[in-house]
Each structure stands twice: as structure tokens, then as C-alpha cells.
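What follows is each chain in one-letter form.
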Amino acid sequence: MSRILILGAGISGHTVTRYLNKWIGKQHEIVVVSPNAKWNWIPSNIWVGVGQMTEEQVTFDLAQLYNKIGVRFLQAKALSMNPEGNSESATPFVTVEYTHPSKVGEQESISYDFLVNATGPKLNFGATEGLGPEHGHTVSVCTASHALEANIKLQASIDAMRAGKHQTMVVGTGHGMCTCQGAAFEYIYNVDHVLREAGVRDKARIVWLSNEYELGDFGMGGVHIKRGGYVTNGKTFAESLMVERGIEWITRAHVKKVEAGKIHYEILDGSFHEQEFDFSMLIPPFAGVGLKAFDKAGEDITSKIFAPNGFMKVDADYTPRPYLEWSAKDWPRTYQTPTYRNIFAVGIAFAPPHMISKPMQSANGTPINPTAPRTGMPSAAMAKAVAMSIRDMLNGAEKPTHTASMAEMGAACVASTGSNFFTGTAATMTVYPVVPDFEKYPDYGRDIDLTFGEIGLAGHWMKYLLHHAFIYQAKMKPGWSVLPD
Amino acid sequence: MPGKITNREPYQQAYYPPSPTGLTRYMRTSLIWQAFRFLVINLKILKLMAKSHH
């Protein structure tokens, strides 16, 4: 019997767990380590953040599910890994520290035969002074509890507007190197929607503030879609929607500091500005969770296994090259680490070879560019491919048997722009492939038939359906494995 | 006291992007049209997913 250790129980980690449990759960032991007691369908946090869903509707208890299906669950955070074992034993292991209230602070070493790093990101609020709900002045929707707090502050702003006060709401990214603009994009439209429903929209100035070069970049260098007899850049539609909803925008911005009621930011031309706010939701930059790695002799090999930003190096081509020499082939396919055949990294935890959007620097040398998104559908696709590879390697395969390159897969993103069964809308966007491949698609880097976008009620129905379908699937209810990931 | 505003400032952020027509806005929440679009979007996503698996 082999032991597969999965670090993380988010979208990618839980997907690996579900499939391995289904395929090999009876013959092998699966152990999941996550500091969080609950699984969270993060895309629906947007609705928690505007008071249209409760925390219970977007989360469920992990221990209960894993007990039921025979997976060993440790509510703990991984601290370090010893992929070659140590001086006493050649068996690789991971050292974890419990976060479960009954054992908080206790450490334990967990040996493994296969390791999947699906730890997701560290929400790096500390990168910008004054950012975030814990030590700063802005709110977040990155976790369900953050979203709850965001809604409390949003409702206070709505009450102030009902009392006749004007409010400035700023939504976007809190650092020049952020990714996940899509979440902020959804949130700003949902804020607009609930303000209209509350009858106070005329009292609010809503401002989008982001590190994108142009609206609609989303860390993917933007997209081109066919519409009205033209192939048009998504920027046009993103700007159109902002104007339609009366939202102003500031792009190419790196937030340097947030004070109570005031955001200090720099833009690409090197100039510095201030933006006052009464309510602000800014996404933090992401970093790796800070796992350390040691070899058999106890030497620190963290820099060999992880990139400087803390994400794990996998089978990507990390050779530094100028933007014009970047290629779809640089992107990883199997997510196996180059040094250890039994270690994989999926979801946000793997180190991308480079960004997708073009790197930009301000006149002062500050990097201001969205980093590569790797959440949602791509996360699940790479997780399933890794689960299949581990299953086959346990059955004798020498190498990973399945691939899921972001340069060979598509992604669908349904971004809510207002939640209501009859009057709600959402922007449905698909891209194929996620990472543009200009060798295959010379004009736009993507298949223009499979890359599309539209706004409408159908998108809201899709978003609502996906919410229920993915939570049903994550709870592993009957027939879950026939649902698409 | 400022005079009555009778013109509109053109060179601003909101001046340039396209605006949806009344028909476009209506179709976004038209139940029949959106039911059809729902099917189309689902088919497109299924096609995209079929091409994505290796």
C-alpha cells in the first residue's frame, strides 16, 4: 500500500483527492492536509460579499466528507518537506503543524510515496502597507470569512447613503503584481447591482483601480472576440460595460500604500496619485505559502524546489527570455517536479514559467503587470491530469501519463454582474487556449471560434447552475464523477 | 452663478466606448432569447472542454 499525501483542499487539491479516492482509494492510503476546516467554493464568495449568500451556502465541512469516504484528513499546515528523507530514514516526509483547535501548534511528520502540492496562495496583504481586512483598511473576498466582513462594511456604506451621504467605492487590485482581476471585476458589478437594488446608486461614485494595462486584460494579455462583423479586443466590451454602469476606471496602477480613506498609487508613467474612498475591496498579490525543503543531510534546498516567489517548480521551461521569445511550449504539461518523480504541484501552487500579459515597468522601475491566472477550470483540469498520472504510476507507469498544459486547454469564466433570476446578468467568457499560442494561431494567439464573450441573463443562470453543480460534485454526492470539472 | 449646461464634454473616459442599444439591453434579459443563449453557451463550453482533455 502506498500513501499519497495531498497538501491543500481547495479546488485543485480536492479534485486530486476525489479522483484518487475513486480510482485507488481502496488499495492505497490518501492523506489530505489543509489548515482550513472547510471547503470553499471561492467563485461564489462574491455573492457572500454583497449579502446575497451566506457563508454556509459556499462552504462545507471537510472532515465530515473525508471521514465518510475513508480519506485521512489532518487540519494542519505544511511547514517543510524532506523529499529524500533525513539522516535516519530515506523515506520522504512532510512536517505539518496542526491548526485544529484540539492540537493547535503540535507538529508531526507525515511520510509519503507521492506528494501533491496544492496549497494555493498565501494572500500576501503584507506586500502593500495598509492593505487587507486584518491589518489594513480595505476588505477582501478571497475567503468566505473575508467576504462576510466585506458585506458588513458594504451594508454600512449603503446605510450611510440611505442617510443621504455620498460614498466613494474603490474595487480592484491592491498591488502592481496581482492576479485574479476577474474576482474584483465580478465584485464591482455586484456592488453596483446591490446599490441599484437599494435605491442608492446615485449616491455612490464607483471606481475600478487595477494593474492591468487596459481593461479586460485579466492577466491573459486580453482576448479578441468576434462581434458585430469585427474581431474586437475585449477591452472595448469591458469599457462599454463600465460606462453603462457609470463606473470610472484607473488602470496601470500599483497601489503603494493604503491609509484610512486614502489609497496612494503609482501608474506606469511614473506619476503618483491618491484616491479617496469610503469602501474599498482590493485583491492582494499572491505568493507561495512559504514551504521549506531540506535534503537528506538537512541542507536547505528550498531554492532548488521553489521559485523565488514561493511557488513550486515543475516541468515548465524557466529559462529567462524576452517577451517576444515566450512560447506556449514554456508552460508545464505534467506538473511533475524535475528533481523528484513522486512530487507534483497543481493550481496556484505551481510556478508559471513567466507571465501571460506583457511585463511592464513604471518610469521608476516598479513592475506593474497582472501575473498569470491559474484558478478555476484550469486548476481542476491539471488536478485531474495529475490524479490520472499518479494512478497510472502506482500501477507501474514510469512517467506521468496525462497532461494539462494551460497552452492546450481552454477556460470558461462566468463573471456575475448582478444576481437575480429574472433581471440578473453575467459576462460569460471563454478562451482557448488560456495561454496564447501564436505558432498555432498566428493572428490572435487563440481559436477565435472557441474564444467568445457575451453578457446576459443566460450567464447568470450558468453561474447559479455552476455554483450548485460544483458544490454537489465537491460533496461527492451520487454521480459526481460524471459531472464535468 | 454658472449658466445652464447646454453642451457635453467629449474628451472623457466615458465618451469613447460603444454603448449598447435599447434592443441589445432588452435581449440581455429576454427570457426566450436567453434560454436559447443558455443552450448555445453550454454547447460552446462542452466543445471547449472536449478539446481541452489530453
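### A word on the overall build of chain A
Within chain A one finds 10 helices and 24 strands. Expected size for 485 residues packed as a compact globule is a radius of gyration near 23 Å; at 22 Å, chain A falls within 12% of this value. With the principal axes as the frame, chain A shows a C-alpha extent of 70 × 50 × 45 Å. With 485 residues in all, chain A has 55% of them scored as buried. Considering only intrachain contacts with a sequence separation of at least 6, the fraction spanning at least 24 residues in chain A is 66%.

### A word on the confidence of the model for chain B
For residues with low pLDDT, the predicted coordinates do not support detailed interpretation. When the pLDDT values of chain B are averaged, the result is 90; 94% of them are 70 or greater. On the interface metric, ipTM, the complex scores 0.91, and its pTM is 0.94.

### Thoughts on the interface of chain B and chain A
Contacts between chain B and chain A engage 20 residues on the former and 30 residues on the latter. Broken down by element, the side of chain B that touches chain A gets its largest block of residues, 11 residues, from helix H2 (residues 31-52) of chain B.

### Comments concerning the sheet that holds strand S14 (residues 247-250) of chain A
Residue and element names in this part refer to chain A. An order of S14-S11-S10-S18 is seen for the four strands of this open sheet, with the pairing classed as parallel. Edge positions in the sheet fall to S14 and strand S18 (279-283), since each of these pairs with one other strand and no more. Strand-to-strand twist in this sheet, taken as the mean axis angle between neighbours without regard to direction, amounts to 15°. Inspection of the sheet shows strand S11 (residues 204-209) paired to S14 by four bridges, in the parallel sense. By the bridge assignment, Leu209 is partnered in S14 with Ile250. Helix-sheet contacts for helix H6 (residues 181-197) involve strand S10 (167-173), S11, S14 and S18, and the interaxial angle to S10 is about 160°.

What counts, and where the lines are drawn
Residues numbered from 1 in each chain as written. Chains lettered and ligands numbered in written order. Predicted model: local features only at pLDDT ≥ 70, side-chain atom pairs only at ≥ 80, totals over all residues. Helix = DSSP H or I, 4+ residues; strand = E, 2+ residues; numbered from the N terminus. Rg over C-alpha atoms; globule rule 2.2 N^0.38 Å. Buried ≥ 20, exposed ≤ 12 C-beta atoms within 10 Å, placed from the backbone. Contact = placed C-beta atoms within 7 Å. pLDDT = per-residue confidence, 0-100. Pairing = 2+ DSSP bridges. Axes fitted to C-alpha atoms, helices over the stretch in contact; angles between N-to-C directions.

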